[in-house]
Amino acid sequence: DIQLTQSPSFLSASVGETVTITCRASQGIYNYLAWYQQKPGAAPKLLISGASTLQSGVPSRFSGSGSGTEFTLTISSLQPEDFATYYCQQFSAWTFGQGTKVEIK
Amino acid sequence: EVQLVESGGGLVNPGGSLRLSCAASGFTFTTYSMHWVRQAPGKGLEWLSCISSSSGHIYYADSVKGRFVVSRDNAKGALYLQMDSLTAEDTAIYYCARQALFGFDPWGQGTLVTVSS
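Residues numbered from 1 in each chain as written. Chains lettered and ligands numbered in written order. Predicted model: local features only at pLDDT ≥ 70, side-chain atom pairs only at ≥ 80, totals over all residues. Heavy atoms only, no water.

Residues and elements named next belong to chain B. The strand order S1-S3-S8-S7 describes an open sheet built from four strands, whose pairing is antiparallel. Looking along the sheet, the strands with just one partner apiece sit at the ends: strand S1 (3-7) and strand S7 (68-73). Across the sheet, the axes of successive neighbouring strands diverge by a mean angle of 15°, strand direction being ignored. Pairing analysis gives six bridges linking S7 to strand S8 (residues 78-83), with the strands arranged antiparallel. Bridge assignment links Phe 68 to a residue of S8, and that residue is Met 83. (Pairing = 2+ DSSP bridges. Helix = DSSP H or I, 4+ residues; strand = E, 2+ residues; numbered from the N terminus. Axes fitted to C-alpha atoms, helices over the stretch in contact; angles between N-to-C directions.)

Here it is as structure tokens:
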């Protein structure tokens, strides 16, 4: 089974900072990776599909890159509404990374 | 508006059963694969099951294989999850989600299942 490992698990940052979350796959998954944002009490929201395709309505400060086994989600100029938990998901078998919680410093 | 609405959650005794439903609207349900995902309290997301558009392909996570059964009624625009032999470890919010090209979108609001005596 393909495992996804996100790092870090927890991230403390200030408004305006740029943050990067990494997702590593135990085997190559081409670009079959999605990123989600989840806020407390809400369902996850798809941000990026196919490793780098920004979903409609998602602010351009979010970007994704990578292929094969290493992927990154970058949030440029962090905004107050971006503080949330982020998950990656692989589409070989739909499993998720363990999540990265982004909190306000 | 594309929408998914789950129902059927609640409190159930260990060893009991529950059937979750997911009502789809605003899109052509018959053309999409659908998924169930759960989230235990304070934990991450766990993919559970996938059913293809015509029900011809069905997949389960090892954690629920043999206990959970996914089905759909395309005429009604509905997705189901029959859950048997429930344990405390099945306590979670259960979400249904539509499969887009390489992402789940949208998700329902979730329904809470609590397994406790």
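Turning to the state of the cysteines, a few remarks are in order. One pass over the structure, following the stated rule, counts two disulfides over all chains. Residue pairing for Cys 23 of chain A: its cysteine sulfur links by disulfide to Cys 88 of chain A, the two sulfurs lying 2.1 Å apart. Residues Cys 23 of chain A and Cys 88 of chain A are joined through a disulfide that is right-handed, its torsion about the S-S bond being 75°. Of the two residues, Cys 23 of chain A sits in strand S3 (residues 19-25) while Cys 88 of chain A sits in strand S9 (residues 85-90), which places them 65 residues apart along the sequence. Both residues of the pair, Cys 23 of chain A and Cys 88 of chain A, belong to the buried class. Cysteine Cys 50 of chain B is unpaired, with the sulfur of Cys 96 of chain B as its nearest cysteine sulfur at 13 Å. (Disulfide = S-S within 2.5 Å. Buried < 20%, exposed > 50% of the residue type's maximum accessible area, 1.4 Å probe, protein only.)

The subject of this paragraph is the side chain of Arg 72 of chain B. All names here are of chain B. Among the secondary structure elements, Arg 72 is positioned in strand S7. Of the side chains bearing the opposite charge, Asp 73 lies closest to the buried Arg 72, which forms no salt bridge; the N-O distance is 8.3 Å. A polar atom in the side chain of Arg 72 sits 2.8 Å from the backbone oxygen of Tyr 32. A polar contact of 3.5 Å, which involves the side chain of Arg 72, links it to the backbone oxygen of Ile 51. With residues up to four places along the chain from it excluded, the contact list for Arg 72 reads Phe 29, Thr 30, Tyr 32, Ser 33, Met 34, Ile 51, Ser 52, Ser 53, Ser 55, Ala 78, Leu 79 and Tyr 80. (Lys, Arg positive; Asp, Glu negative; His and termini not counted. Salt bridge = Lys/Arg side-chain N within 4 Å of Asp/Glu carboxyl O. Polar contact = N/O pair within 3.5 Å; in protein donor to acceptor, adjacent residues only side chain to side chain. Contact = heavy atoms within 4.5 Å.)

Look at any regular strand and the pattern is simple: side chains alternate between the two faces of the sheet. Residues and elements named next belong to chain B. Here strand S5 (residues 45-51) lies mainly inside the structure; six of its seven residues are buried. In this structure, the hairpin formed by strand S4 (residues 34-39) and S5 is closed by a connection of five residues, where Gly 42 is found at a positive phi of approximately 75°. Summarising the sheet, S5 and strand S6 (residues 58-60) pair through three bridges and their orientation is antiparallel. Bridge pairing links Ser 49 to Tyr 60 in S6. Counting the residues between successive antiparallel strands, the hairpin from S5 to S6 contains six residues, one of them, Ser 55, with a positive phi of roughly 70°.

Time to look at the packing of aromatic side chains. Under the criterion given, the structure shown has 15 aromatic pairs over all chains. Plain terms: the ring middles of Trp 94 of chain A and Trp 47 of chain B are 5.0 Å apart, the flat faces sit at 35° to each other, and that makes the pair tilted. Of the two residues, Trp 94 of chain A sits in the loop between S9 and strand S10 (100-104) while Trp 47 of chain B sits in strand S5, which places them in two different chains. Taking the relative accessible area as the measure of exposure, Trp 94 of chain A reaches 12% and is therefore buried. Exposure remark for Trp 47 of chain B: the relative accessible area of 8% places this residue in the buried category. Through successive ring pairs, a cluster of aromatic residues spans Tyr 30, Tyr 32, Tyr 36, Phe 91 and Phe 96 of chain A together with Tyr 95, Phe 102, Phe 104 and Trp 107 of chain B. Above the plane of the ring of Tyr 80 of chain B lies Arg 19 of chain B, whose end atom (NZ or CZ) is 3.9 Å from the centre. In this structure, Arg 72 of chain B is placed above the aromatic ring of Phe 29 of chain B, and the distance from its NZ or CZ to the ring centre is 4.2 Å. (Phe/Tyr/Trp six-rings, centres within 6.5 Å; stacked < 30°, edge-to-face > 60°. Lys NZ or Arg CZ within 6 Å of the ring centre and 35° of its normal.)

Let's shift gears to the interface of chain B and chain A. With 20 residues of chain B at the contact, the number on the chain A side is 18 residues. Counting every contact that joins chain B to chain A gives four residue pairs in polar contact (both at pLDDT 80 or more). At the level of elements, S4, S5, strand S9 (92-99) and strand S10 (104-107) of chain B are the ones that each hand at least two residues to the side of chain B that touches chain A. Of the residues forming the side of chain B that touches chain A, the biggest block, four residues, is contributed by S5 of chain B. Among the residues forming the side of chain B that touches chain A, the class breakdown is 10 nonpolar, six polar and four charged. (Nonpolar A, V, L, I, M, F, W, Y, C, P; charged D, E, K, R; others polar.)

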